[in-house]
Amino acid sequence: MDIKLVNKLKAILRYSDVFTDEATLHTYSYDSTCLEPVIPEVVVFPNSQEELGKVVRVLSQEGYAITVRGSGTNLSGGTIPAKQKGAVIVTTRLNKILEINLDDLYARVEPGVITFNLAKEVEKYGLFYPPDPGSQKVSTMGGNVAENAGGLRGLKYGVTGHYVMGLTFFDSFGELVKTGSKTVKCVSGYNLSSFMVGSEGTLGVISEITLKLIPKPSFAKSMLVIFDDIEKASFSVSDIIRHKIVPCTLEFLDNFTIRCVEQFRKTGLPIDAEAMLLIELDGHKSQVEEEFIQIEKILKKNGARLIKIAKNSLEKEAIWQARRDALPALARIRPSTILEDVTVPRSKIPEMIKAIQYIQQKYSLQLGIFGHVGDGNLHPTILTDIRDKEEFIKVEQAIDELFENCLTLEGTISGEHGIGIAKLKYMPKEFPKGTLVFSSRLKKAVDPKNILNPGKLVFRQF
């Protein structure tokens, strides 16, 4: 470890905010994937935007690779430190909601603000911040922007990027960059806000975010739908969309996931069901009631065995708790959990589910399927043990086939989890060489020393 660098960092931060001890370095060496950890040389906790800028500037001058981390919930290796000499900047102490503007409907936040906390705070004013990643109770807004996080309400309301009005960030030299505006429209210069959204920390270090807010819907209605045939359940999804109905949320769980969830919480889910849809409509009451009648007809026509409507807030919460329990319930089964992210056009959902089932049988894997079927996003979740080398070879082969099938169906290798390290090798399968070269040139232009989260998202050279 470079003692001179550590002393420079301690001159900016408090001594207690700069860590070089083995336990702390190991804590920030991995994320929520099963990828191999990489130990950084130093971990720092800035307490203000000013400190953040100074830290970036010093690390840049010293040629240290910078990996920015919030809560570390990402699922593609994006916050695993670089293998070259590197530092981790943890932004969780930059957690202030700076402004909630009721006249112009926006919020300004620091990158360490917890997603759920922002959503609850704006609700006090009758406002709504729709993006709701599954990790919303721990994930931070900086990470949401860097990964362009989605969530259950993505079908109707879109993803994080649809709500980013402006940003401030520090470039690879530590210079402050401001982009976007507090206005509804802004076409002054390059759209650098969109440039940063989904960039996974490879282009800059976010210091402040301006987010669009909308009025909170006045009425909502939730239902749980049981099917004895998984194909009929998946077809119902595209059938609902085909009838020009866009629910707030339209989620899917297969039989294996249902059984795991029921074992986990014991709420009375029918463990013999082949599939379950969870649907919520929101908006004006008359419109919601009208659309509900239409959806009910579609579901019955497609063979739904049971349609259970939430009669009150407690029953509604019980329905959505089943969906939130999917990942923790599955994760209890085996030592290692690999949560994948494949997204196809909604009309191709039945074909993608068939492909996942075929791959599961071919490789004899324990695998649960759940996800945001309303926007075509499925999460096939493989339960394994990475210490079992023979089985893990099959897991890797299965993942390769998952993405091959996804791309054959005109889908994308990531709907919301990002590329990071885990999916980098699949990028040439989705995009032509020209796209990859262009992205690499952009990266090189704004980060000539390749210190901003190197090795993630883009190929440096060809």
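Just above, that's the structure.
My aim in this report is to walk through the structure given alongside it, one point at a time. (Residues numbered from 1 in each chain as written. Predicted model: local features only at pLDDT ≥ 70, side-chain atom pairs only at ≥ 80, totals over all residues. Heavy atoms only, no water.)

Description of the sheet that holds strand E8 (residues 164-170)
Read across the sheet, five strands follow the order E5-E6-E10-E8-E9 without closing on themselves; strand pairing throughout is antiparallel. For this open sheet the edge positions go to strand E5 (97-101) and strand E9 (176-180), each flanked by a neighbour on one side alone. For this sheet, the mean inter-axis angle between neighbouring strands, taken without regard to orientation, is 10 degrees. Relative to E9, E8 runs antiparallel, the two being bridged by five bridges. Considered in E9, the bridge of Thr-168 is made with Lys-178. Each of E5, E8 and strand E10 (205-212) is contacted by helix H3 (residues 49-61), which is oriented at about 140 degrees to E10, the strand it contacts most. The sheet contacts of helix H4 (residues 115-123) involve E5, strand E6 (106-109) and E10, and relative to E5 the element is tilted by about 35 degrees. (Pairing = 2+ DSSP bridges. Helix = DSSP H or I, 4+ residues; strand = E, 2+ residues; numbered from the N terminus. Axes fitted to C-alpha atoms, helices over the stretch in contact; angles between N-to-C directions. Contact = heavy atoms within 4.5 Å.)

A few points about the pairing of strand E14 (residues 275-283)
Most of E14 sits inside the fold, with nine of its nine residues counted as buried. In this sheet, E14 lies alongside strand E12 (residues 219-227) in antiparallel orientation, the contact comprising nine bridges. When the bridges of E14 are listed, Val-225 appears paired with Leu-277. Note that strand E13 (residues 249-254) and E14 share six bridges and pair antiparallel. Bridge assignment links Phe-252 to a residue of E14, and that residue is Leu-277. (Buried < 20%, exposed > 50% of the residue type's maximum accessible area, 1.4 Å probe, protein only.)

Remarks on the pattern of salt bridges
Enumeration according to the criterion identifies 30 salt bridges in this entry. With its nearest N and O atoms 3.0 Å apart, the salt bridge here joins Asp-239 to Arg-242. Note that Asp-239 and Arg-242 are positioned in helix H8 (residues 230-242) at a spacing of three residues, about one turn of the helix. Taken together, the shared-partner salt bridges in this structure form one network comprising Arg-14, Asp-17 and Arg-93. (Salt bridge = Lys/Arg side-chain N within 4 Å of Asp/Glu carboxyl O.)

Focus: H3
The end-to-end C-alpha distance of H3, which contains 13 residues, comes to 19 Å, matching closely the 18 Å that a straight helix rising 1.5 Å per residue would cover. All of the buried residues along H3 are Gln-49, Glu-51, Leu-52, Gly-53, Val-55, Val-56, Val-58, Leu-59 and Ser-60. Phi turns positive one or two residues past the end of H3, at Gly-63, with a value near 75 degrees. (Expected span 1.5 Å × (residues − 1).)

As for the side chain of Glu-147
Within the fold, Glu-147 resides in helix H5 (residues 141-147). The buried charged residue Glu-147 lacks any salt bridge, with Lys-456 as its nearest oppositely charged partner at 8.7 Å. When neighbours within four sequence positions are excluded, Glu-147 is seen to be in contact with Asn-74, Ser-76, Gly-78, Gly-198, Glu-200, Glu-416, His-417 and Gly-418. (Lys, Arg positive; Asp, Glu negative; His and termini not counted.)

Concerning the sheet that holds strand E2 (residues 42-44)
Strand pairing in a sheet relies on backbone hydrogen bonds, with the paired strands running either antiparallel or parallel. Pairing is mixed in the open sheet, where four strands are placed in the order E1-E2-E4-E3. Strands at the two margins of the open sheet, each flanked by one partner only, are strand E1 (18-19) and strand E3 (65-69). With three bridges joining them, E2 and strand E4 (residues 86-90) adopt parallel strand pairing. Bridge pairing in E4 links Val-42 to Ala-87. Strands in contact with H3 are E2, E3 and E4; relative to E4, the strand with the most contacts, it is inclined by about 175 degrees.

Re the packing of aromatic side chains
Here the distance between the centres and the angle between the planes together describe a pair of aromatic rings. All told, the structure shown has five aromatic pairs when counted by the stated rule. Seen from their ring centres, Tyr-28 and Phe-45 are 5.8 Å apart, and the 80 degrees between their planes marks the pair as edge-to-face. Pair noted here: Tyr-28 is in the loop between helix H2 (22-27) and E2 and Phe-45 is in the loop between E2 and H3, with a separation of 17 residues, a long-range link. Each member of the pair, Tyr-28 as well as Phe-45, carries the same accessibility label: buried. Ring geometry for Phe-128 against Tyr-157: centres 5.3 Å apart, planes inclined by 90 degrees, an arrangement best described as edge-to-face. With a gap of 29 residues between them, Phe-128 in strand E7 (residues 127-128) and Tyr-157 in helix H6 (residues 154-157) connect regions that are remote in the sequence. Relative accessible area serves as the criterion here: at 5%, Phe-128 is assigned to the buried category. Here Tyr-157 falls in the buried class, since its relative accessible area comes to 12%. Through a chain of ring-to-ring contacts, three or more aromatic side chains come together here, namely Phe-19, Tyr-28 and Phe-45. Over the ring of Tyr-163 we find Lys-212, and its NZ or CZ is 5.1 Å from the ring centre. (Phe/Tyr/Trp six-rings, centres within 6.5 Å; stacked < 30°, edge-to-face > 60°. Lys NZ or Arg CZ within 6 Å of the ring centre and 35° of its normal.)

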